[in-house]
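# Observations on the three-dimensional arrangement
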Amino acid sequence: MTTAEFDEFATKYEKTMERSCAVSGESPDFYAMERAQWCSRRLRRWTPFDTVLDFGSGVGGSLKYFFDILGCKSVVAIDPSAESLQVAQERYPKLNVRFSVPEQFAPSANLPFAFCNGVFHHIPPDHRVEALRYVRSALSSDGIFAFWENNPWNPMVVYSMSLNEFDRKAQTLSPLRSLRLLKSAGFRIRFVDFCFFFPHFARGLRRLEPALRWLPLGAQYLVVASK
Ligand SMILES: C[S@@+](CC[C@H](N)C(=O)[O-])C[C@H]1O[C@@H](n2cnc3c(N)ncnc32)[C@H](O)[C@@H]1O
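Residues numbered from 1 in each chain as written. Predicted model: local features only at pLDDT ≥ 70, side-chain atom pairs only at ≥ 80, totals over all residues.

Taken together, 19 residues lie around the ligand, and F6, G56, G58, G61 and N117 are the ones closest in. Broken down by class, the residue content of the shell around the ligand amounts to 7 nonpolar, 11 polar and 1 charged. (Near = placed C-beta within 6 Å. Nonpolar A, V, L, I, M, F, W, Y, C, P; charged D, E, K, R; others polar.)

Another point: the packing of helix α5 (residues 128-138) against helix α7 (residues 175-184). Two numbers describe how α5 lies on α7: the axes approach to 9 Å, and their chain directions differ by 60°. By the angle class used here, α5 and α7 are oblique. The chirality of how α5 crosses α7 is right-handed. Residue-level inspection shows R128, V129 and L132 of α5 in contact with α7, the latter providing L181, L182 and S184. Here the residues of the contact of α5 with α7 sort into 4 nonpolar, 1 polar and 1 charged. (Axes fitted to C-alpha atoms, helices over the stretch in contact; angles between N-to-C directions. Helix = DSSP H or I, 4+ residues; strand = E, 2+ residues; numbered from the N terminus. Parallel < 35°, antiparallel > 145°, perpendicular 65-115°, else oblique. Left-handed = near helix turned anticlockwise from the far one by under 90°. Contact = placed C-beta atoms within 7 Å.)

It is worth spelling out unusual backbone geometry at this point. Of note, the amide linkage connecting T47 to P48 takes the cis form, showing an omega dihedral of 0°. With respect to the element layout, P48 can be found in the loop between α2 (28-42) and β1 (51-55). One non-glycine residue, A109, adopts positive backbone phi at about 50°. Even without being glycine, F196 reaches a positive phi, approximately 65°. The topology assignment puts F196 in the loop between β6 (188-195) and α8 (209-212).

As summarised here, the arrangement of the 7 strands in space is β3-β2-β1-β4-β5-β7-β6, forming an open sheet in which the pairing is mixed. Here the strands that pair on one side only, and so sit at the sheet edges, are β3 (97-100) and β6. Direction aside, the axes of adjacent strands within the sheet are offset by 15° on average. (Pairing = 2+ DSSP bridges.)

Turning next to the nonpolar core. Note that soluble globular proteins tend to have their nonpolar side chains buried in a common cluster. One finds V52, A114, F145 and F147 to be the most contacted residues of the largest nonpolar core, which totals 56 residues. Per element, the largest residue contribution to this core is 6 residues, and it comes from strand β5 (residues 139-150). Those residues in contact with V52, other than ones at most four positions away along the chain, are F66, C72, V75, F113, A114 and F115. (Core = buried A, V, L, I, M, F, W, Y, C linked by C-beta atoms within 7 Å. Buried ≥ 20, exposed ≤ 12 C-beta atoms within 10 Å, placed from the backbone.)

Once that is clear, we can look at the pairing of β3. Side chains of β3 alternate between two faces, with V97 and F99 buried and R98 and S100 left unburied. The pairing of strand β2 (residues 74-78) with β3 spans 4 bridges and is classified as parallel. For V75, the partnering residue across the bridge sits in β3 and is V97. Traced from β2 through helix α4 (residues 82-91) to β3, the parallel crossover comes out right-handed. (Right-handed = clockwise from strand over helix to strand, strands pointing away.)

This part covers the pairing of strand β7 (residues 220-226). Counting buried positions over the 7 residues of β7 gives 5, a clear majority of the element. Bridge count for β6 against β7 is 7 bridges, and the pairing is antiparallel. Note that in β7 the partner of F191 across the bridge is V224.

The set of residues buried in helix α1 (residues 13-21) consists of Y13, M17 and C21. Mapping the buried residues of α1 onto a view down its axis gives an arc of 60°, with all of them on the same face. Buried residues in α1 make contact with α2 and α4. (Arc of directions from axis to C-beta.)

Okay, structure coming up:
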């Protein structure tokens, strides 16, 4: 998937994601909120963050939760798809968000927190380290990066992604590959968590998830890294 291709999906992104998330019985918004809740619990020793860089923010699925759950005061939303940024801006005209394509935002090593979700499987492998270096160069010396990816070791994820038109050319990243990439871009790995083990029908078991975070079978994983 080239970056311009995401423009084509901007207006139908949420609907497409709803279809693929339906495999689990949940909505994209449920996952966005849960990721923010997970970060809020697991990053407690570093929070609150004043500003967050949402790298590959797309149509802004996480934006409101940076404010409501993580207590951020402002967001820098970066995405090469100008159409997606436009949709996000129309969805949240009142939030304190600076929307920008990467070329128009010069990283200046002053942000305390960066976040990305489901972005790197859309970046061609030979551009990934460069993209990570861009994120790293936006962070202050004690900055923290929350890197979320889909886990190709979970068969439901592979199936769910196969339903997405915009995931057809995606190249998933195993947790090990992500760790190698982050390290080669200069990040220091703090910890890895696996999340989202149980679909909606088994939601009663979700209280076990914090205890299962070491098990590499959750639908997504979070790598927390520092600069
Ligand atoms: C699956 S969407 C995820 C959007 C959002 N992070 C979310 O959780 O809803 C992937 C996003 O990555 C963006 N993307 C693709 N290549 C990128 C790159 N090189 N740098 C930053 N973002 C990129 C796409 O434009 C798209 O908006």
